Structures are given as structure tokens and as C-alpha cells.
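A closer look at the structure
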Amino acid sequence: MTVVVTPTGVTAADVLAVARGHATIEIAEETVAAMATSRAIVDGIEASGRPVYGVSTGFGALANTSIAPARRAELQHALIRSHAAGVGAPMPREVVRAMMLLRVRSLALGLSGVRPELARGLVDLLNADITPWVPEHGSLGASGDLAPLAHCALVLLGEGWVLGKDGARVGAADALQAAGIQPLTLAAKEGLALINGTDGMLGMLLLAIDDAAHLFTMADVTAALSIEAMLGSERPFLPELHAIRPHPGQSASAANIHRLLQNSSIMDSHRDDLAHAVQDAYSMRCAPQVAGAARDTLGFAASVCGRELASVVDNPVVLRDGRVESTGNFHGAPLGFAADFLAIAAAEVGAIAERRVDRLLDITRNRDLPPFLAPDAGVNSGLMIAQYTAAGIVADNRRLAAPASVDSLPTSGMQEDHVSMGWSATKKLRTVLDNLTSLLAVELLSAVRGLQLRAPLTPSPAGRAAVAAVAPFAGAPGPDVFLAPVLEQAREVVAGRSLRAAVEQSIGPLS
């Protein structure tokens, strides 16, 4: 796949294709023309000698310090070196690639006043699969993601580090030489244009949205499997009951669960049983109310990303009428708020899944399944400790769901006296979603064990697909086994697309 960067930017799908699919990138000719026009305005301002932030002055608290023309290129290089001050483990390759493409997008909008060579330089790195080493700590989401973007920009200069194919840290100069790429020399304003923006936050949020969309559907699948294994009722998921509370996510989730429960002899076995519970527990009956609200939160986050993808977040910006104006568009509050909101929603999807696991394992509530789903309980503990693991992850997610975006810390001599913490918000959101994958893996394994223990009754088509996906590595209920590798493989099933594809082949597309 080839992603073409136009003067209107790129799409969310483009970002995913470059970050995860390693698509190649091209810059459209009209994009080059737009950047050249913008650069001509900066060249004219520089020649005029009038003071303009980022062109002829210092940065941040040094904005009133005039820089002599002979030292303005030196200023840009010094800016990149000083701001590449992050520490910690490297960010994942997909995050850095997303961030780099989004910086190309920002420059391509033609309001940053830079030469097309800068955008081409970043594209060359991406197409050569050179990924800068970007430490995890350094951004406050204030003037955007200054430190992370500076680590990317430093590689353009032939300095700093890149992430080797084996995860090791490699000198940028060696990597560029091996790829036949010449380091760049920056002109006035160009260093600032490379690092001022929300690209890291936006990249992580776009990746998280893609993951969350899949996981929220898988949460409907594991919920339905658990309800089926616990002899729950399908009636709370009837469409007419959700039409009277028309939240779109709730209706979609309920429709998924209702369809997933059809054509099951397990469900048929108790449908007309007068002794059956009149109402199931909230973790079963209210699954679409929780997962559906999460879906609606996801929709909000996606709409924020859509607006940000169309936004100019540089500072200062070079307007087409020749003015150069300072803005606050680099402030990451919109993305930080959305990420924190989505982290809360994802944490709750995981929390209610853990409650269903606990019911499945409890002999007093699981409707005649053996204790901890162990046929020979006592000698065997079954999935007892898998639920401990899930409970611990839920507790971790509750801590991670505390919003980062309310935790502003002033910096730069009080010039940047309110920051967004959007980098932290989006980074911890990705951790919450990784934890959600583990929680759904525990529920998947537990539900499949429950369905197996209902034999000779046969489960729904979704249940049969789940058993077929899990049994090869988990086996049938029986003596205890080393459980950690089983859970790891269950995580792969949840995160992957094969089980969902098998289910949809039987019952049609899930929302």
C-alpha cells in the first residue's frame, strides 16, 4: 500500500497503514508546492529583519531574546539537541512511525513555513524503515510532544539514536549512512516546526482507538459465551428493550450478544424452566449497558481524532496572507481528555468481564458447574488463580483510569504554566487496553471451560467456534496444567482476528 500525503493531510487509515502495515509514503506535488509557498513567506520575513517568534527569537521563556541572522540556523540545531532530553525505555516502533507520519502531515498542510526537504527527510526515514529511538518520558503535551519529536528530528540531522531491528540502540549516523540518506541542515524556524505539535498523542490515540474497537466487540463475544455457560437468559438483549433507551452503543452491543446466543442447545435446555432465575446478575444482564457506553465513548474519541487530523497544530503558523501568528493549538487537552475518558470506559469493560469470571468459578452462583471449573476440585484448583490474576489487573486498570489530564505541572519559567499531560494520558490508555486483552483472555478461557462442561449439550455457533479456537492449546477440563502459557495463547486469540472471523462466518458481521 502507498500513502500519498496531500495538502489536506492524511486519514486515520493512512496512519495505521504506515504504523502497523509498513506502507510506503509519497508526497504529492501539490503538497510540495504548498510548503514552498509557505517557506517563501518565512524567507521574506527573515530578510526584513523584523522579530518573529521562532524565526528570529529564542523559544519558550526566551521568546524575547533576539537572535542574530548569522546564528539562526545554529539556533534551530541547538533547539533540537536540547529538547531531545527524554529518558526511559524506547517507545514501540508503531508509535514512533505514527508520530513521524503525523509530523509529515502537519508540515504538508502548508502553514509551517518549512522547506519541502524536511517532509521528504521524514518520509525517507519511514520508507527506509529507520525508527528513531524515542524514550517514553519527556512530553507534557504542552507545546505538543516536544521531547519525543525532538528525538525524531535529531535523527534527520544524523545525530541521536535509532531502534535496531533487534531492539538495540544504534547510532543515527550509521543508520543513515547504511540507507544512503544524507543528514539535513536546518534553516530558520525549521527546528521548531519539527517538534511543535500533538503528533505523539494523536498517533497513540489513533492506535488505541483501532485496538479498542476490536476489543469492545470481543467483549461482547466473551460476555455471550459466559452467559451461555452460566445458563443465563437471552431475553434482556431483545432489541425492543434497547429501543426504549436509544444509546447507539448499547443497542449495538445488545444486538451482538442476542445473536451470539442463538441456536444453542445449552440455551434451549433452560429457556422454559420455571425454576430458572427471573433475573440474571448485573454482570450478565447489563453487559450491553457497560460495553455499549464504552462504544459511545470510543465514538467520541474517534471524532476528536478526526478533528485533530484536520488541524494545524504548529506554532507559530505562517498564514497564507503573509502573517506569522502565535497560537496555542499545540496544547493537547482535547486528546488528553478523550484518552482519559476512553481509559475509564475500557477499564470498566474489563471490570465487568472479571465479575463474570468470578461467577463462572463460584459453585454457589455458576448453576451446577464444578468449583473453579475443575472436575476433580480439591486436588485440582482449576482456574482459581486465573481469576486472582484478573482481579489484580482490574485493580491496576482502576489506578490507570485516574485521569492524567488534570495533573498539570508548570514549566519553562512559568511560560508554559498549564500543560495537558496528553502524552501520559494516551500512553496509559494503551496499557489499559493491553490489560483489557488479558482480562478478556481469562474470560474466554473460563467460558470455554464452562461450555465444555455442559456436554453433551452443544453450544451456539459462536460457542463452538470459541471451543475450536481454545481447545487445541487449553485441552478439555481435567487435571491442572501449567496455566501461564495457556493464558498467553488465549491473549493471542482475543487480540487476533481469527476467532471473530470464525464467529462472523457462522452468524454474520458483528458491530
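Each value, and the rule that gives it
- Residues numbered from 1 in each chain as written.
- Predicted model: local features only at pLDDT ≥ 70, side-chain atom pairs only at ≥ 80, totals over all residues.
- Heavy atoms only, no water.
- Helix = DSSP H or I, 4+ residues; strand = E, 2+ residues; numbered from the N terminus.
- Buried < 20%, exposed > 50% of the residue type's maximum accessible area, 1.4 Å probe, protein only.
- Contact = heavy atoms within 4.5 Å.
- Areas by Shrake-Rupley, 256 points an atom, 1.4 Å probe, with all protein chains shown as cover.
- Core = buried A, V, L, I, M, F, W, Y, C linked by side-chain atoms within 4.5 Å.
- Expected span 1.5 Å × (residues − 1).
- Salt bridge = Lys/Arg side-chain N within 4 Å of Asp/Glu carboxyl O.
- Axes fitted to C-alpha atoms, helices over the stretch in contact; angles between N-to-C directions.
- Parallel < 35°, antiparallel > 145°, perpendicular 65-115°, else oblique.
- Left-handed = near helix turned anticlockwise from the far one by under 90°.
- Nonpolar A, V, L, I, M, F, W, Y, C, P; charged D, E, K, R; others polar.
- Pairing = 2+ DSSP bridges.
- Right-handed = clockwise from strand over helix to strand, strands pointing away.
- Patch = residues over 30% accessible without salt bridge, like charges linked within 9 Å, V, L, I, M, F, W, Y side chains within 5 Å.
- Disulfide = S-S within 2.5 Å.

Summing up its helical and strand segments, the chain has 20 helices and 8 strands in all. Principal-axis analysis of the C-alpha atoms gives the chain an extent of 90 × 50 × 40 Å. Within the span of the chain, comprising 511 residues, buried residues form 56% of the whole. In the chain, 80% of the contacts between residues at least 6 apart in sequence involve partners at least 24 apart. As presented, the chain carries roughly 20100 Å² of accessible surface, and 57% of it is formed by carbon and sulfur atoms.

Look at the link from Asn315 to Pro316: it is a cis peptide, with omega at -10°. Note that Pro316 resides in the loop between helix H14 (287-309) and strand S7 (317-318). In the segment running from Ala455 into Pro456, the intervening peptide bond is cis, with an omega of 15°. Assignment of secondary structure puts Pro456 in the loop between helix H17 (422-453) and helix H18 (461-474). Phi is positive for Leu373, close to 60°, though the residue is something other than glycine. Within the secondary structure layout, Leu373 lies in the loop between helix H15 (333-361) and helix H16 (384-400). By relative accessible area, which is 1% here, Leu373 ends up buried. We note that Met421 has phi near 55°; this positive angle belongs to a residue other than glycine. In this structure, Met421 sits in the loop between H16 and H17.

Once that is clear, we can look at the nonpolar core. In terms of nonpolar packing, the biggest core is built from 148 residues, with Leu107, Leu194, Ile195, Phe216 and Leu444 touching the most fellow members. Per-element accounting of this core gives the leading share, 19 residues, to helix H9 (residues 199-229). Excluding residues within four positions of it along the chain, Leu107 makes contact with Met35, Ser112, Val114, Leu118, Ala119, Leu122, Ala193 and Leu194. In terms of nonpolar packing, the next biggest core, distinct from the first, is built from 8 residues, Val42, Ile45, Val55 and Val324 among them.

With respect to the helices and strands, the residue Ser283 is situated in helix H13 (residues 282-285). Those residues in contact with Ser283 that sit more than four places away from it in its chain are Ile352, Arg355, Arg356 and Arg359.

This part is about helix H4 (residues 93-108). For H4, built from 16 residues, the straight-helix expectation of 22 Å at 1.5 Å per residue is met to within 8% by its first-to-last C-alpha distance of 23 Å. In terms of burial, H4 is largely enclosed, as 15 of its 16 residues are buried.

Turning our attention to the environment of Ala466. Among the structural elements, Ala466 can be located in helix H18. Under the relative-accessibility criterion, Ala466 is labelled buried at 0%. Counting along the chain gives 19 residues from Ala466 to Ala447, while the straight-line C-alpha distance between them is 9.0 Å. Ignoring sequence-local partners within four residues, the contact set of Ala466 consists of Leu225, Leu444, Val448 and Leu499.

Our next topic: the pattern of salt bridges. Applying the stated rule across the entire model yields 29 salt bridges. When the shortest N-O distance is used, the salt bridge between Arg356 and Glu443 registers 2.6 Å. Taken as a pair, Arg356 in helix H15 and Glu443 in helix H17 lie far apart in primary sequence, 87 residues in all. Using a relative accessible area of 2% as the deciding quantity, one classes Arg356 as buried. Between Arg491 and Asp434 there is a salt bridge, and its shortest N-O distance comes to 3.0 Å. With a gap of 57 residues between them, Arg491 in helix H19 (residues 484-495) and Asp434 in helix H17 connect regions that are remote in the sequence. According to the relative accessible area criterion, Asp434 is partly exposed, its value standing at 40%. Salt bridges sharing common partners tie together Arg20, Glu94, Asp210, Asp211 and Arg430.

Contact geometry for H16 and H17: axes closest at 10 Å, N-to-C directions at 160°. When the axis of H16 is compared with that of H17, the two are roughly antiparallel. Between H16 and H17 lies a crossing whose hand is left-handed. Within the contact between the two elements, H16 uses Ala386, Ala390, Ile393, Val394, Asp396, Asn397 and Leu400 and H17 uses Lys428, Thr431, Val432, Asn435, Leu436, Ser438, Leu439 and Val442. In the contact of H16 with H17, the residues fall into 9 nonpolar, 4 polar and 2 charged.

The end-to-end C-alpha separation of helix H11 (residues 248-260) is 18 Å, in line with the 18 Å expected for 13 residues at 1.5 Å each. Listed as buried for H11 are Gly249, Gln250, Ala252, Ser253, Ala254, Asn256, Ile257, His258 and Leu260. Tucked into the core, H11 has its buried residues touching H9, helix H10 (239-243), H14, H18 and helix H20 (498-507).

The next point concerns the pairing of strand S2 (residues 24-27). In S2, alternate side chains face the same way, and those of Ile25 and Ile27 are buried while those of Thr24 and Glu26 on the opposite face are not. Pairing geometry for strand S1 (residues 2-5) and S2, over 4 bridges, is parallel. Within the sheet, the bridge partner assigned to Val3 lies in S2 and is Ile25. Taking the sense of rotation as the criterion, the β-α-β connection linking S1, helix H1 (residues 12-19) and S2 turns out right-handed.

Nonpolar side chains collect at one region of the surface, where Phe300, Phe341 and Ile344 lie side by side and expose about 260 Å² of accessible area between them. Residue position: Phe300 is located in helix H14. The partly exposed category is assigned to Phe300, whose relative accessible area is 36%.

With respect to the helices and strands, the residue Ile352 is situated in helix H15. By relative accessible area, which is 14% here, Ile352 ends up buried. Sequence separation between Ile352 and Met284 is 68 residues, and the spatial gap between their C-alpha atoms is 8.6 Å. Each residue touching Ile352, except ones within four places of it in the same chain, is listed here: Tyr282, Ser283, Cys286, Ala287 and Val290.

Below, the discussion takes up the state of the cysteines. In total, this model carries 0 disulfides according to the counting rule given. Distance from the sulfur of Cys152, which forms no disulfide, to the nearest cysteine sulfur (Cys305) is 18 Å.

Remember that the coordinates give geometry; whether it matters functionally is a separate question.
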